Amino acid sequence: MYTGKSEGEVIRIKGDLMAGFHHNLPIKALPYILEELQSARHPYLIASAAYALRGLKTPLPQTVPYLLKAAGNLAHGDDTFFFDQDEHTTALKELFKTIKWHGAYAKAYIANVTALSDKLYLDREGKKLLKEAINAINGDARQTGNCCDEDLFCGGNIKPFGGIKKIKSLVLEDQEGGQIKYGEFFNGKPAVLVFFYSRCDNPDKCSLTITRLAHLQKQLEGKAKIAAITYDAEYDVAHRLKNYGLNRQIKFNNDVRFFRVNADFEQLRAYLDLGVNYIGPYVNKHTIELYVLNSKGEAVASFSRLQWENQEVINKVNSLLNSKKTTTAQSFYSILLSAGMAFFPKCPLCVMAYLSAFGISGMNALWVGNWLFPAMMVLFGINILVLAMRCRTNRFFLPLYLSCTGVVILIGDHLLLHEKAVTMAGLICILAGALTNAWGRRLQQMFGFGLVSA
Amino acid sequence: MIVLTINGQAGAPVYLGWSSRPASLKLSVAQPQATQVIIKTVSAPATGDVGFSVNRNSHPAATLAVTVPANGTSVNFFVSGTRASTENQDVTILVTDAGTGATLLQQTVMVRVRKNANGLSVAERNRFLAAIAKFNATTGTPRYQDFLDMHNAAANTEIHTSSATPRYSFLVWHRAFILDLERQLQKIDPSVSLPYWKFDEVADKVFTADFMGAAMASGTLVFNASNPLSHWAINGRTGIVRKPIFNVQTGSGLDPRIGMISEKATIGLGTTYKKFAPQAEQNPHGNAHESFSIGPITNITTATQDPIFYLLHANVDRLWALWQQVHNRYDITSVSTYPLKGAYPGQGRNHVGDFLQDTMWPWNGDTSHSGSTRPPTAPGGPFPALANLAPSVAPQVWQMIDYQGYAAADDASDVDYDSINFNLQNVTV
Amino acid sequence: MNDNSNSPDQFGQQIDNTVNEYKASAEKLVQANTYQEKEDALYTMHYVHAEDRKAGVKTLQIATDKKEVINLRVKALQIIGNYLYNNPAAVKKIIGLLSATRENTKVKRAALDALLAIRFASPALLSQMPAFREGLRSIIHDRDPELAAKAIEQLAAYNDPGVLNLLHEGLKNPAVALAPEAKAIQLLGIQHTGGFSDTIRERLQKSRDTDVQIEAIHALSGDPAAQDDIQNILENKSKQKYVRLAGLSALNATAPHKFLESAKKIIGDPSDYNDVKVASLNAIAMQGRYNEISGDAEFLDQVKSLTGHDNAIVRKESSNFLAGHESYLENA
């Protein structure tokens with residue numbers, strides 16, 4: 001929506017959209033509003049956000065600190081606007097109106113609200129509005145329940161995005177000018193990835209993001225890789241990346257790097273659905289965004305729009321580190337079972353071997369064994385179940401399709417056809433399913449062919 | 001055989017201002033007898049000169065006779081600049097044998113003080129321009145970005161008055177800020193000092209294509225081909241816009257459209273810091289920024305994009321230094337010198353960073369007060385401290401006040417102004 | 001010299017005199033009733049002290065009184081700044097003069113000057129910023145071109161979308177231009193995300209006006225799409241000196257490799273101009289890019305040959321360049 005639009009147009013569009021929520025603001029839209037209150041500097045965005053907040057069915061105490069922050073961000077100039085009433089308003093007026101509207105819901109922050117008289121320079125009208133807000137808070141007898149019950153924090157798990165394969169071959173250039181592929185760097189360890197650009201002139205966005213990333217680096221103590229990728233690859237050449245990080249206390253090493261993506265940044269942008277827009281080569285709008293990647297470089301959690309809580313990110317990294325062991329066990333079991341099924345006496349090779357060993361000439365003779373076929377079907381069923389779980393996790397369903405095809409062929413053959421070639425075909429499919437389950441990625445890396453994924 | 005130490009260092013190039021700096025002589029190897037020496041200088045009339053004294057509060061003399069002990073212990077004295085240098089190391093201190101006249105030691109010195117930008121020699125001007133242009137080079141390690149980040153929107157409430165309560169540390173913080181930049185420039189060329197733009201006087205040599213730029217009708221500056229500022233760029237964008245309201249050949253900030261007060265009126269704003277500083281922050285400081293109709297210099301968040309910022313603030317700082325001299329304000333224990341004693345008490349109208357004992361953002365790396373006035377990031381790292389000089393790597397407010405070291409030699413920084421002398425005889429601290 | 005000919009004591013006395021003179025003038029102003037008395041006082045005062053309430057009130061009254069003689073009102077506005085700094089109510093009154101109907105042009109100009117003079121450091125003006133911006137908007141079509149130009153300039157610096165769009169329209173259609181072309185490009189180029197790059201690029205390609213070209217080059221200096229145009233300008237010997245120099249800086253800042261290509265051509269071309277040669281060498285040296293030319297023997301020989309040039313500045317710059325290169329090699 002914002003692509004190709006000037007910054008002024010972006011501000012107007014976003015402000016108008018937010019103002020539209022004045023009569024009904026769904027909770028899902030709240031992060032978009034709070035984002036502007038937390039970091040916007042333009043008075044129209046602040047005014048619209050404050051105006052929109054009054055569209056909530058019930059005030060939320062947790063939104064008050066955002067209103068207070070926005071009041072400070074106005075320090076460089078307010079302006080006049082018109083919303084749907086004829087009376088002109090200003091960003092500061094809207095902020096005070098919204099604080100007033102909170103009433104008792106802002107009681108926990110009454111000291112901070114009162115302190116605005118000292119923090120801001122208010123004329124007579126401003127002081128009057130502030131006093132009205134304070135009186136409204138103090139005079140509101142509503143029972144509001146516990147403050148901060150609802151978690152407004154915007155982080156959470158996300159489904160792994162598709163298309164990771166293309167991303168893995170993206171070439172990243174780091175702060176020393178060295179090059180590495182995405183799949184090589186984001187591999188083997190969980191990672192924390194943020195986006196920024198050095199020409200960002202909003203101190204509450206990129207500068208703060210990288211400063212906080214440095215704090216996170218200290219707290220994570222090497223448990224995860226740390227990376228930042230610039231939105232502005234053309235301008236943010238190696239030495240700019242390096243200085244931006246160093247000046248914000250980032251300690252670079254093999255696992256902590258800043259990157260630019262020279263070509264195909266669009267692929268990464270699409271994969272993560274990045275919150276950035278451009279006008280020509282310049283960023284005209286971007287959000288704050290941090291991603292947690294698993295040890296294969298897949299995004300498994302995102303914290304966007306608002307400044308994240310470090311502990312939430314650390315918790316996510318820890319959960320990835322803990323689940324690695326479980327995943328390893330699951331993989332091993334499935335591979336074992338697959339391999340076991342593949343090489344159970346009914347496998348082609350083993351059949352041949354056994355046939356040779358016992359001198360029996362036909363597979364059908366074995367198939368009519370009463371106990372063998374039902375037992376085989378039970379084992380096949382277990383294999384299909386484990387495969388299905390694994391494929392769903394990896395979003396890679398070829399092994400399942402092959403194994404199911406093999407089972408269907410075998411059942412059909414047993415019930416209808418009784419053809420050696422058909423039996424072979426069924427067993428080959430099952431074997432192929434097991435092999436692709438175990439070795440699919442390696443085959444892809446070796447041969448580069450795209451494998452089916454959902 | 002004989003070792004001369006000035007300001008704790010021996011053998012290295014020496015940079016002095018007007019303040020008396022401790023010095024000593026000693027024999028490197030013990031001798032049977034003490035050595036009588038004469039300390040004097042060799043300098044030309046157009047170069048700098050230094051003087052010597054036995055006591056810190058004695059008037060410096062052109063020569064000093066001392067006895068260097070035979071056993072290798074030091075004899076102490078003081079050395080101070082008496083005339084400003086025009087070139088690097090253009091003064092030579094000679095230590096001669098009092099009996100034979102033989103030269104025992106030579107040490108070069110530069111008397112490096114901040115000068116009126118309108119009176120710089122061509123060489124001084126070019127050295128300054130080269131240093132500041134290199135500091136903002138587009139390649140290498142562009143640390144100039146820190147100076148943009150230290151003076152942006154997020155920093156405003158920390159470093160300026162932005163509410164009804166004055167930010168008393170405004171002058172103090174900016175004194176440290178421009179000293180930080182000056183020391184960065186001195187890493188490139190140690191002979192450079194920040195010139196000041198005396199904005200209440202005609203500065204016809206400053207706003208030219210050879211120096212800080214000549215404005216086109218639109219306000220965009222042009223520079224001569226050899227002027228390094230022609231390559232000045234901020235975030236990849238070239239071209240400085242700065243359109244003077246005053247006539248650069250005949251006018252100044254006293255142009256009635258600008259409303260700036262004169263130097264004398266500035267010094268007369270009050271006899272206490274509490275009266276003087278908040279008013280000076282507004283006029284003449286604010287009016288100096290607004291003596292241009294357009295350009296980054298006219299806006300707090302963009303002012304450091306234009307290198308004239310440092311010349312402007314050097315003059316603001318000089319005015320404070322002059323005020324200190326006229327009203328004898330060096331004693332940090334006096335509220336007339338600075339009103340807020342002790343450290344930030346945790347609450348109140350005056351915020352952290354305003355009290356004498358507080359360390360100053362961003363050099364202290366403090367971002368812990370987010371939610372209050374302190375910015376959430378602290379760019380730039382620690383202050384470039386120098387041995388035996390103030391301030392420290394995390395400067396405290398009080399360390400910027402007695403900048404000439406009246407109370408104690410180590411309280412001095414390496415800043416002096418050409419027109420503000422060091423006169424310990426007449427100052428009580 | 002460290003002998004301050006104006007000793008602190010002497011200077012202190014002069015300051016006391018200044019303060020006393022002010023007090024006397026301010027007292028006269030407060031008491032003044034006739035035109036002559038007011039004129040004498042206002043023209044002696046130079047400024048109203050921030051804390052001098054009586055003088056401030058009187059000065060404000062003179063400034064805003066439509067019945068008062070114009071030159072007194074103008075003078076009052078010229079000296080009232082300090083009083084406005086912390087006085088939002090007074091600021092509001094001065095802002096009111098901007099948008100007042102049938103207000104004298106000289107008074108409006110003086111009012112705008114007074115507000116702009118305090119803008120940097122006045123929290124009181126900041127608290128009135130909405131009204132101030134509205135006041136500016138009310139005069140962008142003022143019959144006084146100087147007043148209108150100032151208002152447009154200030155609003156553009158605030159990224160006012162209305163004014164920026166008008167300026168943009170004016171670039172595309174000179175018949176509706178609000179400002180001269182060069183000025184309009186300068187104002188539109190303040191913000192590179194303004195979306196005006198295409199129009200500015202077109203003007204760069206088509207305009208023959210030197211100032212327009214310089215402004216356009218600076219406005220496009222971060223735009224990769226303009227690099228080729230800028231490089232062509234730099235290499236075009238028929239272009240005016242300052243245009244080429246602007247091109248040189250812009251290319252050096254955003255396409256350093258292209259700049260180096262051009263710089264080598266310029267240095268190696270005996271018919272090219274001294275200024276551009278000097279600036280090319282200066283740019284490489286000042287930007288610390290010796291590492292990029294260090295292996296280029298041909299280029300270094302060409303620079304060496306410039307040390308014998310007729311022009312003293314060329315000789316000096318080339319010598320400095322080579323000295324810098326030597327120093328780079330020693331430290332490398």
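Residues numbered from 1 in each chain as written. Chains lettered and ligands numbered in written order. Predicted model: local features only at pLDDT ≥ 70, side-chain atom pairs only at ≥ 80, totals over all residues.

1. Regarding the overall build of chain C
Okay, step 1: Scanning chain C for helices and strands turns up 21 helices and zero strands.
Okay, step 2: Relative to the compact-globule value of 20 Å for 332 residues, chain C shows a C-alpha radius of gyration of 28 Å, a clear excess of over 25%.
Okay, step 3: For the C-alpha atoms alone, the extent of chain C along its principal axes is close to 80 × 60 × 30 Å.
Okay, step 4: Evaluated residue by residue, chain C yields a buried proportion of 53% over its 332 residues.
Okay, step 5: A separation threshold of at least 6 residues defines the contact pool for chain C, and within that pool the share at least 24 residues apart is 56%. (Helix = DSSP H or I, 4+ residues; strand = E, 2+ residues; numbered from the N terminus. Rg over C-alpha atoms; globule rule 2.2 N^0.38 Å. Buried ≥ 20, exposed ≤ 12 C-beta atoms within 10 Å, placed from the backbone. Contact = placed C-beta atoms within 7 Å.)

2. Describing the sheet that holds strand E6 (residues 49–53) of chain B
All names here are of chain B.
Okay, step 1: The five strands are arranged E2-E1-E4-E8-E6 in an open sheet whose pairing can be described as antiparallel. Sheet topology places strand E2 (9–10) and E6 at the edges, where each strand pairs with a single neighbour.
Okay, step 2: Pairing geometry for strand E1 (residues 2–6) and E2, over two bridges, is antiparallel. Paired with Ile6 across the bridge in E2 is Gln9. (Pairing = 2+ DSSP bridges.)

3. Some thoughts on helix H3 (residues 53–64) of chain C
Okay, step 1: Taking 1.5 Å as the rise per residue, H3 of chain C with 12 residues should run 16 Å; its terminal C-alpha atoms sit 16 Å apart, in good agreement.
Okay, step 2: By the burial criterion, the buried members of H3 of chain C are Ala55, Gly56, Lys58, Thr59, Leu60, Ile62, Ala63 and Thr64 of chain C. (Expected span 1.5 Å × (residues − 1).)

4. As for the interface of chain B and chain A
Okay, step 1: Contact residues are listed per partner, giving 26 residues for chain B and 17 residues for chain A.
Okay, step 2: Looking at the side of chain B that touches chain A, the elements with two or more residues in it are helix H2 (144–149) and helix H3 (156–159) of chain B.
Okay, step 3: Per element, the largest residue contribution to the side of chain B that touches chain A is three residues, and it comes from H2 of chain B.
Okay, step 4: Looking at the side of chain B that touches chain A, its residues break down into seven nonpolar, 16 polar and three charged. (Nonpolar A, V, L, I, M, F, W, Y, C, P; charged D, E, K, R; others polar.)

5. Some remarks on the interface of chain C and chain B
Okay, step 1: Each side of the interface is counted separately: chain C has 60 residues, and chain B has 59 residues.
Okay, step 2: Among the residues forming the side of chain C that touches chain B, the class breakdown is 29 nonpolar, 20 polar and 11 charged.

6. Topic: the nonpolar core
Okay, step 1: The biggest cluster of nonpolar side chains holds 286 residues, and the ones touching the most others in it are Ile46 and Ala50 of chain A together with Leu167 of chain C.
Okay, step 2: The element best represented in this core is helix H7 (residues 308–327) of chain B, accounting for 13 residues.
Okay, step 3: Setting aside anything within four residues of it in sequence, one finds Leu167 of chain C in contact with Ala156, Leu178, Ala179, Ala184, Leu187 and Leu188 of chain C.
Okay, step 4: Among the nonpolar cores identified, the runner-up in size contains 45 residues, and Leu193, Cys206, Ala228 and Val261 of chain A belong to it. (Core = buried A, V, L, I, M, F, W, Y, C linked by C-beta atoms within 7 Å.)

7. Concerning the domain arrangement of chain C
Okay, step 1: Parsing chain C into structural domains produces domain 1 (8–158) and domain 2 (221–332).
Okay, step 2: The C-alpha centroid of domain 2 of chain C is placed 50 Å from the C-alpha centroid of domain 1 of chain C. (Domains from an automatic or database assignment.)

8. Section: the pairing of strand E10 (residues 103–111) of chain B
A regular strand places its side chains so that they alternate between the two faces of the sheet.
Residue and element names in this part refer to chain B.
Okay, step 1: Sheet analysis places strand E3 (residues 14–16) next to E10, joined by three bridges and oriented parallel. Paired with Val14 across the bridge in E10 is Val109.
Okay, step 2: Where strand E9 (residues 91–97) meets E10, six bridges bridge the pair, whose relative direction is antiparallel. Along E10, the bridge assignment pairs Thr92 with Thr108.
Okay, step 3: What sits between the antiparallel neighbours E9 and E10 is a turn of five residues, in which Gly101 has the positive phi angle 80 degrees.

9. Some points on the packing of helix H4 (residues 64–73) of chain A against helix H5 (residues 91–102) of chain A
Residue and element names in this part refer to chain A.
Okay, step 1: Interaxial distance between H4 and H5 falls to 10 Å at its minimum, and their mutual angle equals 160 degrees. Taken together, the axes of H4 and H5 lie roughly antiparallel to each other. Between H4 and H5 lies a crossing whose hand is left-handed. Judged by residue contacts, Val64, Leu67, Ala70 and Ala71 of H4 engage Leu92, Leu95, Thr98, Ile99 and His102 from H5.
Okay, step 2: Among the residues making up the contact of H4 with H5, the classes are represented as seven nonpolar, two polar and no charged. (Axes fitted to C-alpha atoms, helices over the stretch in contact; angles between N-to-C directions. Parallel < 35°, antiparallel > 145°, perpendicular 65-115°, else oblique. Left-handed = near helix turned anticlockwise from the far one by under 90°.)

10. As for helix H11 (residues 238–246) of chain A
Okay, step 1: For H11 of chain A, every residue scored as buried is listed here: Arg240, Leu241, Asn243, Tyr244 and Gly245 of chain A.
Okay, step 2: Looking at the buried side of H11 of chain A, the elements it contacts are helix H10 (203–220), strand E7 (225–230) and strand E8 (256–260) of chain A together with H2 of chain B.

11. A few points about the confidence of the model for chain C
Residue and element names in this part refer to chain C.
Okay, step 1: With 98% of its residues at a pLDDT of 70 or more, chain C has an overall mean of 93.
Okay, step 2: The low-confidence segment residues 1–5, where pLDDT is below 50, has 10 contacts with residues more than four positions distant or belonging to other chains.
Okay, step 3: For this predicted complex, the interface score ipTM comes out at 0.95, while the overall pTM is 0.88. (pLDDT = per-residue confidence, 0-100.)

12. Quick look at the environment of Ala46 of chain B
Okay, step 1: Structurally, Ala46 of chain B is set in the loop between strand E5 (35–42) and E6.
Okay, step 2: The spacing of Ala46 of chain B and Ser85 of chain B is 39 residues in sequence and 7.9 Å in space, taken between C-alpha atoms.

13. Description of the sheet that holds E3 of chain B
Residues and elements named next belong to chain B.
Okay, step 1: Ordered by their spatial adjacency, five strands build an open sheet running E3-E10-E9-E5-E7, and the pairing between neighbours is mixed. The strands lining the two open edges of the sheet, one partner per strand, are E3 and strand E7 (64–68). Shown here is a sheet whose adjacent strand axes are inclined to one another by a mean of 35 degrees, direction ignored.
Okay, step 2: Of the strand pairs in this sheet, E5 and E9 are connected by six bridges, and their pairing is antiparallel. Within the sheet, the bridge partner assigned to Lys40 lies in E9 and is Leu94.

14. Considerations on the confidence of the model for chain A
Regions with low pLDDT should not have their predicted coordinates read in detail.
All names here are of chain A.
Okay, step 1: Scored by pLDDT, chain A comes out at a mean of 83, with 81% of its residues at no less than 70.
Okay, step 2: Of all secondary-structure elements in chain A, the lowest mean pLDDT belongs to helix H14 (residues 348–358), at 45, while E7 reaches the highest, 98.
Okay, step 3: For residues 347–365, every residue scores under 50 in pLDDT, and the model assigns this stretch 18 contacts once sequence neighbours within four places are set aside.
Okay, step 4: Here residues 448–454 scores under 50 on pLDDT; set against residues more than four positions off or in separate chains, the count is 14 contacts.

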